[in-house]
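Residue-level structural notes
If you want the building blocks of each chain, they are given just below.
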Number of protein chains: 4
Amino acid sequence: MKEVRIGLIGLGRLGYEHAENIAKRVPKAKLQAICDVDQQRLEETAQELGVEYTFSDYEEMCRCSELDAICIVSPSALHTEHIRIAMENGKHVFCEKPLDTTVAKCKEAEAVVAAYPERIFMLGFMRRYDRSYRLAKEKIDRGDIGRIVMIRAYTQDPISTIESTLKFAPHSGGQFLDMCVHDIDLCNWFTGGQKPKNLWAIGGCFAYPEYREWNDGDNVSCLLQYEDETMAFLFAGRAAAHGCNVETEIIGTKGTLRIGAVGTDSMLEVLSDHGVCRECYPDFMYRWHEAYIAEMEEFVNCILDNRQPEVTVFDGTMASETAYRCKESFETKKMLPFRD
Amino acid sequence: MKEVRIGLIGLGRLGYEHAENIAKRVPKAKLQAICDVDQQRLEETAQELGVEYTFSDYEEMCRCSELDAICIVSPSALHTEHIRIAMENGKHVFCEKPLDTTVAKCKEAEAVVAAYPERIFMLGFMRRYDRSYRLAKEKIDRGDIGRIVMIRAYTQDPISTIESTLKFAPHSGGQFLDMCVHDIDLCNWFTGGQKPKNLWAIGGCFAYPEYREWNDGDNVSCLLQYEDETMAFLFAGRAAAHGCNVETEIIGTKGTLRIGAVGTDSMLEVLSDHGVCRECYPDFMYRWHEAYIAEMEEFVNCILDNRQPEVTVFDGTMASETAYRCKESFETKKMLPFRD
Amino acid sequence: MKEVRIGLIGLGRLGYEHAENIAKRVPKAKLQAICDVDQQRLEETAQELGVEYTFSDYEEMCRCSELDAICIVSPSALHTEHIRIAMENGKHVFCEKPLDTTVAKCKEAEAVVAAYPERIFMLGFMRRYDRSYRLAKEKIDRGDIGRIVMIRAYTQDPISTIESTLKFAPHSGGQFLDMCVHDIDLCNWFTGGQKPKNLWAIGGCFAYPEYREWNDGDNVSCLLQYEDETMAFLFAGRAAAHGCNVETEIIGTKGTLRIGAVGTDSMLEVLSDHGVCRECYPDFMYRWHEAYIAEMEEFVNCILDNRQPEVTVFDGTMASETAYRCKESFETKKMLPFRD
Amino acid sequence: MKEVRIGLIGLGRLGYEHAENIAKRVPKAKLQAICDVDQQRLEETAQELGVEYTFSDYEEMCRCSELDAICIVSPSALHTEHIRIAMENGKHVFCEKPLDTTVAKCKEAEAVVAAYPERIFMLGFMRRYDRSYRLAKEKIDRGDIGRIVMIRAYTQDPISTIESTLKFAPHSGGQFLDMCVHDIDLCNWFTGGQKPKNLWAIGGCFAYPEYREWNDGDNVSCLLQYEDETMAFLFAGRAAAHGCNVETEIIGTKGTLRIGAVGTDSMLEVLSDHGVCRECYPDFMYRWHEAYIAEMEEFVNCILDNRQPEVTVFDGTMASETAYRCKESFETKKMLPFRD
């Protein structure tokens, strides 16, 4: 195989980003087919990106013999089902995070993936493919910072997009599932797979009382204690004044790493009557653009090299399970052990 | 009164810093007397700083009619007693933090101070007098960052002083009492006196197992939920590779303030094969030198203006009570309400 | 035309970068042919990047009817000749900087380009396509910083590549032609095409006496006065300890812009016993990777949209002429008017 | 001598700063007398700072037997005369920069100082006593950055004080004498006393045409070549939007030092819709407050230890001579050798 032919389902905002990357920016990948229920969007996108086949039926797309792999960007609750259908039809699978919307379904997904060991499966934890995070991981693995003591992880949406954020809120799964799940996966990754032992989540509706309806807060946080005593502190906010802020700190016994302490979308510094300023990323799509490309390149290379990617289906379950437990702690207002 | 004549007890490292400041750097203050059990240190210091009177008996010093105020830098367990004696002898009192070593004794101290309302009493939470923290407080009070959502506070000692840190450890009261107490007071100050509702403290011995002997960790953290839902995350570490690191972040609904994000002891940036680097403060004495002077100036001005300082004896009790509760949570491994 | 078929000459390091970008990273572009005198390199590259045609004769490549455009990365002294041949054969031309090695030949190139107004011509001043520089240009054009007072521009190679830098030195044209030419073009661009009035260049061999042989310095600088009094200060160095450092500052009457003040190749900050550090770019290829892609995308889009790019052949002459005049000032040790 | 009794002349803004420092912040110094032509200001200041003697006649003050030293903050054109009178009366002398207003008078001052070798003489180049600059000097002297290649020095006044800046302009001596003189002294200091060989100064009136009346620009710069080829670039501006900006960079063959790259007046970082911002110093008095104290402490210690300070009367002449030559180059629009 010289080129990986990919069929993609789901042409929402992130789905389109993946579609465009596969079509234009990932060498050795070809966007051969796209699938969506919105017929107009389907046709426009096909024309714009030069896609040969369009489908409104996912199963039909998976049966197409001219496809090597499926890229799943459908609603989270359909992920397991979509993974199963793709694999049954002999396709490699890239699936957006989260793995699915319940731990039980994540376990099901694990079983499906396990049944097709010769198929490549990759989960879209794109941060692992961001250059800064990769550099951090290398330094950690090389022992540069000694033993990890604490991880601090912030994920903040910008206030500038609050309207669409609020619209999406009821379907997002809440702060822990939607935002912290990335940070949880980073903790998993950086610590080499440590499991949480105990956790306690709090938060509130500081500016947007709407979140109360969904048993959520507009700003939440969680303190986790891992089995080896490593600490992790997660914070997620929906409306940061300065922009999209994703910041990760890994404190070790011999050194500390910080990623995104001044998350800025260019090397430009503006000196004016506001002082010496750097601007932040306007939104997550902007922040992770390169990472989305890099993860898709990795997926394609895994297929061509016939090797599994570093991020596995089990990482997906672990992240979701942890995020759910955070949510439970938040809702019950109790410190909880990771598992009962 | 044109000049405040001060007698100081305790010539340890911080005691000497205060003594030197009073003698040399605080206008309108005079170091008139010093008291210590170490006779040699007492005499040497008196000569060096030009102090007229020396005492080995604290009560005797307090009876000296040529003193207007007493500066207490004695062991924490003696604070309440020393406050009482000074006040009974008609002196104004500056007392180092913590107020005392048990909540009960803090309450006693409150009673003593309450009994002498005409005397000025000030507790040594010097961070409140640091320029950066004052600026932050002004911005918060002006509403610049909206409603406070979360406060994050780090206090890290440098690894370079770990030996003396370990020596002091058995008498320090532990991480929460010794280090976090400052951060707790900042939370108290920034939130305008909010009380904690629940808290959970964790940590471990990541590099120095010695701390286990004292039911403590070398790195600890605590998540606090305040009565109005404000969140606070405290982290204290004993051995940061990059130096003395004190960092405070206040996240609000309209903006965020960060103090000490790159805590550096000068405006010097070094570009070398290590990259673009700024050096950190070597130790806390260095970091807070100006603040120690500023707080003493404020104490002296309060006496001359006959007004009480912003930081009260009640702030001392609140900080100690909270720190003890953190410690209890750490030891019992339970999330706890602030009060039973 | 749906796709621009490009033939490229010159498979040196930068030539390969362009070849790879055209082949893999520029949507709507196809690397159809490559040309080089090194037969082995030619074949290996063709295979690696999937290039259909290979040529050892440039003119022959230009006659190939399956090519729409030529990308010239040949030795600078051949640029004008190569532009002529390509244009005579009806091709669009992208030419690496500098335009050529003498002002006379730059003028010749101007004439050639003028003779084929329907052909797209673009010069490789890639910095204009770097995101940070584009943002700066936008702010300047919007009037954000008022009238430009001074531009400061640094271009420093890293000490880590000094060996290859020295090897390339005899053929580089010297610091002003090889390095400052980019900064000169930025001044041209930011000021909206102001011409220099006077200039004075100095420098020396501070670590590498070898440069004396080539009438050059290892570190040089030049102060320029533009016709409207705008000042520009250029500095070029061959061996910066901290890495590849390209830094531009535009001081205006109402604000100042800085690009690359801390030129760092990721968002990672390392806190260790060296302090709080950010690492620099290892080399220029790394620094400008995205800009090289962006400029080639722009070239391809210009062809497809049938419009000329912002950067013209005249910009190439202006930059070279200025750089030569700097060199002359350096060699004669005199402050010189821009033109005699 | 246990305490140095100082008489000060000149109660302008900087004079008052020195007076207050001597009175309140410099241990072992006493402000014993002050002298000014403004009787009201004299009396008010005497009362406020508790000064025993006031004089309206400078010579009379210098004859006072209760004074050990004189601090001269009078108009620059009187400096040499005031130094002479003080020394003739057996006093040690601290003199504000510049040494005087012509090179001839600086030479005269040299002769006076030389005639009284047992008297301490110190010139107010306070930047040498700023902590960041001292650290830089230490690193340079230790060889950390190798041989100095180039020094870049900016001195910018804030736009917020432009009105008083304009008022002072006719008497200031112009940008080079008034502002760059500090930077010139730093070059002198960092290079270990290298002399300029050639220099060229340019500039213009970019926002304030008023400066043309005084043969000056509102923004000016100068490129200097030192005898050992070291380069220096000076820039001075009268109206920086972001505040008082003093920035110095020393590029060496092995490393680079930057002081004040983000000149900020606290450790506070503000994250808002302007991005991530740090505020600058509001004015020079604020920036150098600590340095003014430190230099006065050094002066007092020199007297008590009977040793001469590092900064000499010759440094004063060198700085003034260089600044005048820059001014001449600016006015004649010619590159000039340091001396004809």
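Quantities reported herein were computed from a predicted structural model and do not represent experimental measurements.

Basis of the calculations
- Residues numbered from 1 in each chain as written.
- Chains lettered and ligands numbered in written order.
- Predicted model: local features only at pLDDT ≥ 70, side-chain atom pairs only at ≥ 80, totals over all residues.
- Heavy atoms only, no water.
- Salt bridge = Lys/Arg side-chain N within 4 Å of Asp/Glu carboxyl O.
- Buried < 20%, exposed > 50% of the residue type's maximum accessible area, 1.4 Å probe, protein only.
- Helix = DSSP H or I, 4+ residues; strand = E, 2+ residues; numbered from the N terminus.
- Contact = heavy atoms within 4.5 Å.
- Buried area = accessible area lost by both parts, 1.4 Å probe.
- Polar contact = N/O pair within 3.5 Å; in protein donor to acceptor, adjacent residues only side chain to side chain.
- Axes fitted to C-alpha atoms, helices over the stretch in contact; angles between N-to-C directions.
- Parallel < 35°, antiparallel > 145°, perpendicular 65-115°, else oblique.
- Left-handed = near helix turned anticlockwise from the far one by under 90°.
- Nonpolar A, V, L, I, M, F, W, Y, C, P; charged D, E, K, R; others polar.
- Least-squares fit on C-alpha atoms with pLDDT ≥ 70 in both.
- Pairing = 2+ DSSP bridges.

What follows concerns the pattern of salt bridges. Per the counting criterion, the structure on display carries 128 salt bridges over all chains. Note that C:Arg307 is salt-bridged to C:Asp305, the shortest N-O span being 3.4 Å. Here C:Arg307 falls in the partly exposed class, since its relative accessible area comes to 33%. Note that D:Lys97 is salt-bridged to D:Asp178, the shortest N-O span being 3.8 Å. Residue D:Lys97 is found in the loop between β5 (92-95) and α5 (103-115), and its partner D:Asp178 is found in helix α8 (residues 175-190); the two are separated by 81 residues along the sequence.

Below, the discussion takes up the interface of chain B and chain A. The interface is formed by 45 residues belonging to chain B together with 44 residues belonging to chain A. Taking both sides of the interface into account, the surface hidden between chain B and chain A amounts to around 3000 Å²; carbon and sulfur atoms contribute 70%. The largest contributions to the chain B side of the interface with chain A come from B:Trp200, B:Phe206 and B:Leu223, which together make up 22% of the buried area. At the junction of chain B and chain A, the tally comes to two salt bridges. Here B:Arg258 and A:Glu247 are joined by a salt bridge, their closest N and O atoms 2.7 Å apart. Connecting chain B to chain A are six residue pairs in polar contact (both at pLDDT 80 or more). Secondary-structure elements contributing two or more residues to the side of chain B that touches chain A are β7 (148-158), β8 (196-204), β9 (219-226), β10 (231-240), β11 (245-252) and β12 (256-259) of chain B. In terms of residue count, β9(B) provides more of the side of chain B that touches chain A than any other element does, seven residues in total.

The next point concerns the packing of helix α1 (residues 13-25) of chain C against helix α2 (residues 39-49) of chain C. Residue and element names in this part refer to chain C. In the contact formed by α1 and α2, the axes pass within 10 Å of each other and the chain directions differ by 25 degrees. Taken together, the axis directions place α1 and α2 in an arrangement best described as roughly parallel. Crossing geometry of α1 relative to α2 is assigned as right-handed. Along the contact surface, α1 presents Tyr16, Ala19, Glu20, Ala23 and Lys24, while α2 presents Arg41, Thr45, Glu48 and Leu49. Taken together, the residues of the contact of α1 with α2 sort by class into four nonpolar, one polar and four charged.

Turning next to the relation of the copies chain B and chain A. When chain B is brought onto chain A, the operation consists of a screw motion whose angular component is 180 degrees and whose axial shift is 0.0 Å, with 0.0 Å RMSD remaining. When the rotation and shift are considered jointly, the pair of chain copies conforms to a two-fold rotation axis. Most of the interface of chain B is mirrored in chain A: 98% of its interface residues are interface residues there too.

This part is about the sheet that holds strand β2 (residues 29-35) of chain C. All names here are of chain C. Reading across from one edge, β3-β2-β1-β4-β5-β6 is the order of the six strands in this open sheet, with parallel pairing throughout. What marks the edges here is a single partner per strand, and that holds for β3 (53-55) and β6 (121-123). Ignoring which end each strand starts from, the neighbouring axes of this sheet average 25 degrees apart.

Aligned on chain C, chain A shows an RMSD of 0.0 Å; the corresponding rotation is 180 degrees and the shift along the axis is 0.0 Å. Comparing interface residues between copies, 100% of those in chain A also sit at the interface in chain C, which points to an isologous, same-surface contact.

The next thing to look at is the sheet that holds β5(D). Residues and elements named next belong to chain D. Pairing is parallel in the open sheet, where six strands are placed in the order β3-β2-β1-β4-β5-β6. Looking at the sheet topology across the chains shown, the edges are occupied by β3 (53-55) and β6 (121-123). The sheet shows a mean angle of 25 degrees between the axes of neighbouring strands, direction not considered. Its contacts with the sheet place helix α2 (residues 39-49) against β2 (29-35) and β3, and it is angled at close to 165 degrees to β2.

Any link to function would need more than the numbers given here.
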